[in-house]
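# Per-entry structural report
Letter by letter, the chains look like this.
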Amino acid sequence: NAGVTQTPKFQVLKTGQSMTLQCAQDMNHNSMYWYRQDPGMGLRLIYYSASEGTTDKGEVPNGYNVSRLNKREFSLRLESAAPSQTSVYFCASRSGTGVSKDPYEQYFGPGTRLTVT
Amino acid sequence: RKEVEQDPGPFNVPEGATVAFNCTYSNSASQSFFWYRQDCRKEPKLLMSVYSSGNEDGRFTAQLNRASQYISLLIRDSKLSDSATYLCVVQTSGTYKYIFGTGTRLKVLA
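Note that the coordinates shown come from a computational prediction; the quantities given were computed from them, not determined experimentally.

Summed over the entire model, instances satisfying the criterion amount to 16 aromatic pairs over all chains. Between the aromatic rings of Phe34(B) and Tyr98(B), the centroid separation amounts to 5.9 Å while the plane-to-plane angle is 45°, which identifies the pairing as tilted. Taken together, the residues Phe34(B) in strand E4 (residues 30-38) and Tyr98(B) in strand E10 (residues 98-100) connect sequence positions 64 residues apart. Relative accessible area serves as the criterion here: at 0%, Phe34(B) is assigned to the buried category. With relative accessibility at 2%, the residue Tyr98(B) sits in the buried group. Among the aromatic residues, those joined into a ring-pair cluster are Tyr33(A), Tyr35(A), Tyr48(A), Phe90(A), Phe108(A), Phe34(B), Tyr36(B), Tyr96(B), Tyr98(B) and Phe100(B).

As structure tokens, this is what we get:
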């Protein structure tokens, strides 16, 4: 049981290049998330997928697209990378179904460190 | 005003000390609350969920005050290994979204 995995761990891009960050979870979770973390900003939600087949924008979606390929996988794509997208990207998943009142915690992958020059 | 606010610290405390962090949230519809721990250059990991009645896990105690809209984390008998950043996380009722505070950095000194 690997939990949440992310690839790649590190990436350097030039401005204008594109790439896809991969995320997979083996915990049979319904909901998956993409965050970015910048110094002094905390984690900010880019996109999330409440369940297979659905995706929704978070706080900072501009410049990104996502695909919920199946229940296990949720990818994040940068179509034309910009230096402002230099950040650490975390994928997370959450157990439970619906918006229950139970406190379902999130489980995070190890992150992708992306530098755009 | 940020939805979730924390004192960034750092809190420098000697080993064995008791230290407390507070976190305030602005949305009264918030329903679930968590403390996460994040080590340098690592992913956040759940420390504990915070329940209305308060809860304890070993040296860690979490409290929720809905009237004043804050949660707290108390760490007793601090260990060197407790040095990390502690993130306050709030989930709003009826949504899948989690709002993260910027974190409070703790350094436990020998």
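Bringing the nonpolar core into the picture now. With 23 residues, the main nonpolar core has Phe21(B), Trp35(B), Ile71(B), Leu73(B), Ile75(B), Tyr86(B) and Leu106(B) as its most contacted residues. Put simply, the parts of the chain that give this core at least two residues each are strand E3 (19-25), E4, strand E5 (45-50), strand E7 (60-65), strand E8 (70-75), strand E9 (84-92) and strand E11 (104-109) of chain B. Setting aside chain neighbours within four positions, we find Ile75(B) in contact with Ala17(B), Thr18(B), Val19(B), Phe21(B), Arg59(B), Phe60(B), Asp82(B), Tyr86(B) and Leu106(B). Counting 20 residues, the second-largest nonpolar core is a separate cluster that includes Met19(A), Ala81(A), Tyr89(A) and Val116(A).

Bringing the sheet that holds E7(B) into the picture now. Residues and elements named next belong to chain B. The five strands lie next to each other as E1-E3-E8-E7-E6, forming an open sheet whose pairing is antiparallel. Of all strands in the sheet, those with a lone pairing partner are strand E1 (4-6) and strand E6 (55-57), marking the two edges. Within the sheet, the average angular offset between the axes of one strand and its neighbour, ignoring direction, is 20°. Note: E7 against E8, six bridges, orientation antiparallel. If you follow glutamine 63 over to E8, its bridge partner there is serine 72.

Here we come to the sheet that holds strand E3 (residues 19-25) of chain A. Residues and elements named next belong to chain A. Read from one edge to the other, the open sheet built from four strands follows the order E1-E3-E8-E7, with strand pairing classed as antiparallel. Since the sheet does not close on itself, it has two edges, and those belong to strand E1 (4-7) and strand E7 (64-68), each with one partner. Between one strand axis and the next, the sheet turns by 15° as a mean value, whatever way the strands run. In the sheet, E3 pairs with strand E8 (residues 74-78) via three bridges, with the strands oriented antiparallel. Within the sheet, the bridge partner assigned to methionine 19 lies in E8 and is leucine 78.

A word on the confidence of the model for chain A. The share of residues in chain A with pLDDT of 70 or more is 93%, and the mean pLDDT across the chain is 92. When the elements of chain A are averaged for pLDDT, strand E10 (residues 106-108) of chain A gives the smallest value, 93, and E8(A) the largest, 98.

The subject of this paragraph is the interface of chain A and chain B. Taken residue by residue, the interface counts 27 residues in chain A and 23 residues in chain B. Around 2,100 Å² of area is buried between chain A and chain B when both sides are counted, 57% of it from carbon and sulfur atoms. Inspection of the chain A/chain B interface yields zero salt bridges. Our enumeration of links across chain A and chain B arrives at five residue pairs in polar contact (both at pLDDT 80 or more). Only strand E4 (31-38), strand E5 (42-49), strand E9 (87-94) and E10 of chain A provide two or more residues apiece to the side of chain A that touches chain B. Residues belonging to the side of chain A that touches chain B are distributed by class as follows: 13 nonpolar, eight polar and six charged.

Moving on, we get to the environment of Gln38(B). Here Gln38(B) lies in strand E4. The class for Gln38(B) is buried, based on a relative accessible area of 8%. Spatially, the C-alpha atom of Gln38(B) lies 8.7 Å from that of Gly103(B), the residues being 65 residues apart in sequence. Not counting chain neighbours up to four residues away, the residues in contact with Gln38(B) comprise Gln37(A), Phe90(A), Glu43(B), Pro44(B), Ala84(B), Thr85(B) and Leu87(B). Of the polar contacts made by the side chain of Gln38(B), one reaches the side chain of Gln37(A); its length is 2.9 Å. At a separation of 2.8 Å, a polar atom in the side chain of Gln38(B) contacts the main-chain carbonyl oxygen of Lys42(B).

The rules we used
- Residue positions are given per chain, counted from 1 along the sequence in the order it is written.
- A letter from A marks each chain and a number from 1 marks each ligand, given out in the order of writing.
- Reporting in this predicted model follows two pLDDT cut-offs: at least 70 for local features of residues, and 80 or more for side-chain atom pairs to be given and counted; totals over whole chains, interfaces and linings ignore these cut-offs and use all residues.
- Excluded from the side-chain calculation are hydrogens and water; included are all heavy atoms of the structure.
- When two rings of Phe, Tyr or Trp (its six-membered ring) have centres within 6.5 Å they constitute a pair, described as stacked for plane angles under 30 degrees, edge-to-face for angles over 60, and tilted for the intermediate range.
- Comment: elements are numbered from the N terminus, with helices defined as DSSP H or I runs of at least four residues and strands as E runs of at least two.
- Burial classification: accessible surface area is computed with a 1.4 Å probe over protein chains only, and a residue below 20% of its type maximum counts as buried, one above 50% as exposed, and the rest as partly exposed.
- Residues enter a nonpolar core if they are buried and are Ala, Val, Leu, Ile, Met, Phe, Trp, Tyr or Cys, with the set joined through side-chain atoms within 4.5 Å.
- We call two residues contacting when some pair of their heavy atoms lies within 4.5 Å.
- One bridge is not enough; two strands pair if DSSP finds at least two bridges between them.
- Axis lines are fitted through C-alpha atoms, for helices just across the contact stretch, and the angle between N-to-C directions can take any value from 0 to 180 degrees.
- Confidence scores labelled pLDDT are given residue by residue by the predictor and lie between 0 and 100.
- Note on terms: buried area is the combined drop in 1.4 Å-probe accessible area of two parts once they are placed together, counting the loss on both.
- Within this document, salt bridges are pairs made up of a side-chain nitrogen of Lys or Arg and a carboxyl oxygen of Asp or Glu, the two lying within 4 Å of each other.
- Pairs of N or O atoms are called polar contacts if they sit within 3.5 Å, as long as, within protein, a hydrogen donor faces a hydrogen acceptor (for residues adjacent in sequence, only side-chain-to-side-chain pairs).
- Lys, Arg, Asp and Glu make up the charged group, whereas Ala, Val, Leu, Ile, Met, Phe, Trp, Tyr, Cys and Pro make up the nonpolar group; the residues left over, Gly among them, are polar.

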